Each structure stands twice: as structure tokens, then as C-alpha cells.
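Notes for the structure review
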Amino acid sequence: MKHNSTSNGKYVWDKAHDMAESHQCHTPGNRRLGGVLKWRIIELIRNGHWSPRQISGRLKKEGINVSHEAIYAIIRKDRSGGLASHCRQG
């Protein structure tokens, strides 16, 4: 069966387009972290000395999915190096 084809296996472009749009809105994609969420992550690193994995797990319990790699990216982008010094692993 072709990708985005109808149930009988035929490819109809408008139906395929509708299916592709439907799939697209269900995929997570590359989302940027909002300002408030980024601020909260930085505060957890500075004040709580939490590791990125701990922060990711804590936020997941609250229904917010942020990977530990995204948190490491925030730490790497900090030019002053202050976030890395507050991190658990240092």
C-alpha cells in the first residue's frame, strides 16, 4: 500500500493531501521552548542544582515534555558558564 493512499490502495492527490496534513499536526516537530518554561528550567538549575534529567522528569510529572537534551542545549548556549557551574555534574 502506498503512503497516504486510500483504503483500496489507489492514490488520490486530494485525499493524500488531507491525510498528510492530518499526520503533520500530530507529529511533535522541533518546537522552541517558551520564555516562561525556559526561565523555570534556568531557575531549577540555579536554585535547586538539579540535573537536566531530573528537571525533565519533574516537568514530565506535570505534563510538560522537555527532553534532557533540550535542557543541555540551554546550558551550552549560556555564554557566561554560570548555568554549567550550578549543574549537578558541573
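Nothing here was measured: the structure is a model prediction, and the numbers come from that model. (Residues numbered from 1 in each chain as written. Predicted model: local features only at pLDDT ≥ 70, side-chain atom pairs only at ≥ 80, totals over all residues. Heavy atoms only, no water.)

1. Describing helix H3 (residues 52–61)
Looking only at H3, the buried set comprises Pro52, Ile55, Ser56 and Leu59. Each buried residue of H3 lies within a common arc of 100° when the element is viewed along its axis, so the set occupies one face. Structural note: H3 exposes Arg53 and Lys61 on the side pointing more than 90 degrees away from its buried face. Buried positions along H3 lie against helix H2 (35–48) and helix H4 (68–77). Looking one or two places after H3, you find Gly63, whose phi comes out positive at around 90°. (Buried < 20%, exposed > 50% of the residue type's maximum accessible area, 1.4 Å probe, protein only. Helix = DSSP H or I, 4+ residues; strand = E, 2+ residues; numbered from the N terminus. Arc of directions from axis to C-beta. Contact = heavy atoms within 4.5 Å.)

2. Focus: the nonpolar core
Nonpolar side chains tend to gather and get buried jointly when the protein is soluble and globular. Among the nonpolar cores identified, the biggest contains twelve residues, and these are Leu37, Ile41, Ile42, Leu44, Ile45, Ile55, Leu59, Val66, Ile71, Ile74, Ile75 and Leu83. Going through the elements one at a time, H2, H3 and H4 are the ones with two or more residues in this core. With five residues, H2 is the single largest residue contributor to this core. With near-sequence residues (within four places) excluded, Ile41 lies in contact with Leu33, Ile55, Leu59, Val66, Ile71 and Ile74. (Core = buried A, V, L, I, M, F, W, Y, C linked by side-chain atoms within 4.5 Å.)

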